[in-house]
Structure formats: C-alpha cells, structure tokens
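# A look at the structure
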Amino acid sequence: MPHRKPHLPEKTCAACGRPFAWRRKWARDWESVRYCSEACRDGRHPAARKGVDPQRRRP
Ligand SMILES: [Zn+2]
C-alpha cells in the first residue's frame, strides 16, 4: 500500500521556479505567498538573477 502523506497545498516559487509546500508559518497568509524563502522574496536567490526583472530593466 502506498504511504499516505497529509495533503499540503503547493506553490511554485516566483523567483527560483521550484515547487514548495505549505508551511505553518504561512498559515495566515498562504494565499499571498509567492516565494519559497526570504532570499527569493528579496531577490537574493542566485537562480532569481538569471532572468531579467522587468521592474529593474532600465530604458
Ligand atoms: Zn525560491
């Protein structure tokens, strides 16, 4: 029989693109969570630097 895990909602990080699961610390604002970590939220994640941030692009 397959091992049953408690179902947790998942999202994809907007910075590094990796899926991450619900955490207790996000219980209050899960709907507004977009990043897997504070580093990604602040744009400090190495993977986040690959893409060009439209807001940082200068004409
Ligand atoms: Zn991330």
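Residues numbered from 1 in each chain as written. Predicted model: local features only at pLDDT ≥ 70, side-chain atom pairs only at ≥ 80, totals over all residues.

## Some words on the overall build of the protein chain
Check the secondary structure of the protein chain and you find one helix and two strands. Seen in sequence order, the protein chain has helices and strands lined up from the N terminus as β-β-α. Within the protein chain, contacts between residues separated by at least 24 positions form 31% of all contacts whose residues are at least 6 apart in sequence. (Helix = DSSP H or I, 4+ residues; strand = E, 2+ residues; numbered from the N terminus. Contact = placed C-beta atoms within 7 Å.)

## Considerations on the environment of Pro 19
Mapped onto the elements, Pro 19 comes out in strand 2 (residues 19-21). You can call Pro 19 exposed: it has 10 C-beta atoms within 10 Å. Counting along the chain gives 17 residues from Pro 19 to Cys 36, while the straight-line C-alpha distance between them is 7.8 Å. Pro 19 has contacts with Glu 10 and Thr 12, leaving out every residue within four places of it along the chain. (Buried ≥ 20, exposed ≤ 12 C-beta atoms within 10 Å, placed from the backbone.)

## Examining the confidence of the model for the protein chain
Per-residue confidence for the protein chain gives a mean pLDDT of 82; residues scoring 70 or more make up 75%. Per-residue pLDDT, averaged within each element of the protein chain, yields its smallest value for helix 1 (residues 38-41) (90) and its largest for strand 1 (residues 10-12) (97). (pLDDT = per-residue confidence, 0-100.)

## Quick look at the environment of Trp 22
Relative to the assigned elements, Trp 22 resides in the loop between strand 2 and helix 1. Once the C-alpha coordinates of Trp 22 and Cys 36 are considered, the two residues, 14 residues apart in sequence, prove to be 9.4 Å apart.

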